[in-house]
Every structure is written in C-alpha cells, then in structure tokens.
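The primary structure of each chain is shown beneath.
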Amino acid sequence: MSTLHIIEHPLIEHKLSLMRDKETGTKDFKELLNEIAMLMGYEVTRDLPLEDKVIETPICKMTAKKISGKKLAIVPILRAGLGMVDGLTRLVPVAKVGFIGLYRDPTTHKPVEYYCKLPEDIDKRIVIVADPMLATGGSAVDAVTMLKKRGCNNIKLMNLVVAPEGVKAFREAHPDVDIYAAALDDKLNENAYIVPGLGDAGDRIFGTK
Ligand code: PRP
Ligand code: URA
C-alpha cells in the first residue's frame, strides 16, 4: 500500500492557514500556493537518484553528485494544479511540464476529461501529479490512470489539502503511488467539498467567483 506523507513544517502550516482564510484574496492565495509547492517540492524530490560525475572546480577535479538517469515531469491537473507549477519549476527548472484537464461534474462530482498534453517521453520520467485538492479522489485517480496508460510507472501525487475519503479511494485505486500533502482534513461535506478545507481552489486562484 502507498504511503501518505504529511509534510509538517512551520512555514507550510502558517502559509496554509493564510490560504484557508476566506479574507485572503487571489493575489496572495496564488503566491502562497506557489511558495508552499516549492517548500513541499523539497520533500517530494528527496529520493531522486544521484550519480557521480567528474567536474572541475577552479581548484581541482572532483567527483560530484548530480541528478541521474530518470528526469522529472510535473503534471498539473487543470485548473487548480497550475497554481503549483511555478513553485515546483523554480526548484527543478529542467522538469518538463504536461497538462491533464479534468473538471468535476457539479451534480455527480465525477471527473470529466477535457484536455491531455504530455511530454513525448513521459513514460521515461518520474512524474509529479500536482493538484491542491484531493476530495473524493476521483480526479487524481483518473489522472494517474491516464498516465499509467501512457506507460508511466514512477508517479507521485502532490496535494495541498486531502480528505480521508479521497486518500482511501486513491490508495485503493493506485496502491503504488505515494501521496504528499500539507494537511489531512476532517471530511467532505454534502457537496463533496473538503471540511474545513479552503473552498474552491480553482476559483480562488483564478478569481472566477
Ligand atoms: C478541483 C480540484 C481537483 C478536484 C478534486 O477541481 O482542483 O482537481 O476538484 O476533487 P475530487 O478529488 O473530488 O475529484 P475542479 O473540478 O473544481 O476544477 P477546477 O480546478 O477547474 O476548478
Ligand atoms: N475542489 C476544491 O477546489 N475544493 C474542495 O474542497 C473540493 C474539491
């Protein structure tokens, strides 16, 4: 079974509390999300494989560590996942970025696919799927299924806030994919929103409500 990693750090907790506050506006919300994504990215990339390379410093030759072999791809789930891309690519500027477009049907809460554009060599990369919210888990389950169909076998899911219901559904569907999050919240409400959560992440990032 996969592991749920809750990344605990005072800076992440403080910034997340600011994001949860309904008085926080679009500009600050977006900046905070990217800042947290960068801080979380440090943990999510902790096990990237390294290899020895001979380099030359101004003083002498040395054997130094560099990220090896498999390279990264960041795949945000549109729209809200876009809010994490800048923070992550600041950490790993050479990472390729793919996009999966899914929205939740307002009545059934089931994800509907509307876009998919991925790097050609996605199957050879370590893939970080980024989406701030894991509510019922439907969107993340479908996004990872799409990636597996394209041959990806090294995937991590990176969320900000997760609900127990979504964690359970995701781990059952994809027991091989670890989840990284900043907070495990209490439950879902009758509209499948996370409680206490932070509201509709996409709307708060893009100012659509
Ligand atoms: C939100 C969020 C996730 C999804 C989570 O997207 O960004 O993708 O809901 O819910 P789930 O775990 O129940 O699938 P939404 O469908 O609101 O689309 P948006 O990002 O375009 O606003
Ligand atoms: N999508 C969101 O943006 N927020 C939630 O709480 C649940 C789904």
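Since this is a predicted model, take the numbers as computed values, not measurements. (Residues numbered from 1 in each chain as written. Chains lettered and ligands numbered in written order. Predicted model: local features only at pLDDT ≥ 70, side-chain atom pairs only at ≥ 80, totals over all residues. Heavy atoms only, no water.)

Visitor: In this structure, what is going on with the overall build of the protein chain? I would like to understand it.
Guide: Along the backbone of the protein chain there are six helices and 15 strands. Relative to a compact globule of 209 residues, whose C-alpha radius of gyration would be 17 Å, the protein chain shows 18 Å and is just as compact. In terms of its C-alpha atoms, the protein chain occupies a principal-axis envelope of roughly 65 × 35 × 30 Å. In the protein chain, the proportion of contacts linking residues at least 24 apart, taken out of those at least 6 apart, comes to 64%. Accessible surface, the protein chain: about 10900 Å² in total, of which carbon and sulfur atoms supply 54%. Placing the 29 positive and 29 negative side-chain charges of the protein chain at their respective mean positions leaves the two points 5 Å apart. (Helix = DSSP H or I, 4+ residues; strand = E, 2+ residues; numbered from the N terminus. Rg over C-alpha atoms; globule rule 2.2 N^0.38 Å. Contact = heavy atoms within 4.5 Å. Areas by Shrake-Rupley, 256 points an atom, 1.4 Å probe, with all protein chains shown as cover. Lys, Arg positive; Asp, Glu negative; His and termini not counted. Charge placed at Lys NZ, Arg CZ, Asp CG, Glu CD.)

Visitor: Mind showing me how you'd approach helix H1 (residues 10-20) here?
Guide: An α-helical turn contains 3.6 residues, so a residue and the one three or four places further along point in the same direction. Every buried residue of H1 is listed here: Ile12, Lys15, Leu16 and Met19. Taken end-on, H1 shows its buried residues confined to a sector of 105 degrees, consistent with a single buried face. For H1, the secondary structure elements touched by its buried residues are helix H2 (26-44), strand E11 (161-162), strand E13 (183-184) and helix H6 (201-206). (Buried < 20%, exposed > 50% of the residue type's maximum accessible area, 1.4 Å probe, protein only. Arc of directions from axis to C-beta.)

Visitor: Whenever I open this one, the packing of helix H4 (residues 138-149) against helix H5 (residues 164-173) confuses me. Can you help?
Guide: Helix-helix packing is described using two parameters, namely the angle between the two axes and the distance between the axes. Running from N to C, H4 and H5 point in directions that differ by 20 degrees, and their axes come no closer than 9 Å. When the interaxial angle is binned, H4 and H5 end up roughly parallel. The crossing of H4 and H5 is right-handed. Every residue of H5 that contacts H4 at Ala140, Val141 and Val144 is listed here: Ala169, Phe170 and Ala173. (Axes fitted to C-alpha atoms, helices over the stretch in contact; angles between N-to-C directions. Parallel < 35°, antiparallel > 145°, perpendicular 65-115°, else oblique. Left-handed = near helix turned anticlockwise from the far one by under 90°.)

Visitor: So what exactly am I meant to see when it comes to the environment of Glu120 here?
Guide: Of note, Glu120 is situated in the loop between strand E7 (111-117) and strand E8 (126-130). Spatially, the C-alpha atom of Glu120 lies 16 Å from that of Pro76, the residues being 44 residues apart in sequence.

Visitor: Where do I start with the site of ligand 2 in this structure?
Guide: The immediate surroundings of ligand 2 are formed by Arg104, Met133, Ala135, Ala192, Tyr193, Ile194, Gly199, Asp200 and Ala201. A total of 240 Å² of accessible area belongs to ligand 2 in isolation, and the protein chains cover 89% of it. Structurally, ligand 2 is housed in the largest pocket. In terms of residue class, the shell around ligand 2 is made up of six nonpolar, one polar and two charged. (Near = heavy atom within 4 Å. 1 Å grid on protein atoms, 1.4 Å probe; cavity = no way out; pocket = protein on both sides within 12 Å on 5 of 7 lines; lining within 4 Å. Sits in = over half its atoms within 2 Å of the grid points. Nonpolar A, V, L, I, M, F, W, Y, C, P; charged D, E, K, R; others polar.)

Visitor: Looking at this model, I keep getting lost on the layout of surface pockets. Mind explaining?
Guide: Over the atoms, a rolled probe matching the size of one water molecule traces out where space is still vacant. Empty space within the largest pocket amounts to approximately 680 Å³. Looking at the lining of the largest pocket, the elements that each hand over two or more residues are strand E4 (72-78), strand E6 (99-104), strand E9 (133-134), H4 and H6. The residue inventory of the lining of the largest pocket, partitioned by class, reads 15 nonpolar, eight polar and seven charged. Each pocket or cavity is described by its volume, and for the second largest pocket that value is around 210 Å³. Among the residues making up the lining of the second largest pocket, the classes are represented as eight nonpolar, one polar and three charged. (Points joined across faces, edges and corners; volume = space filled by probe spheres on them.)

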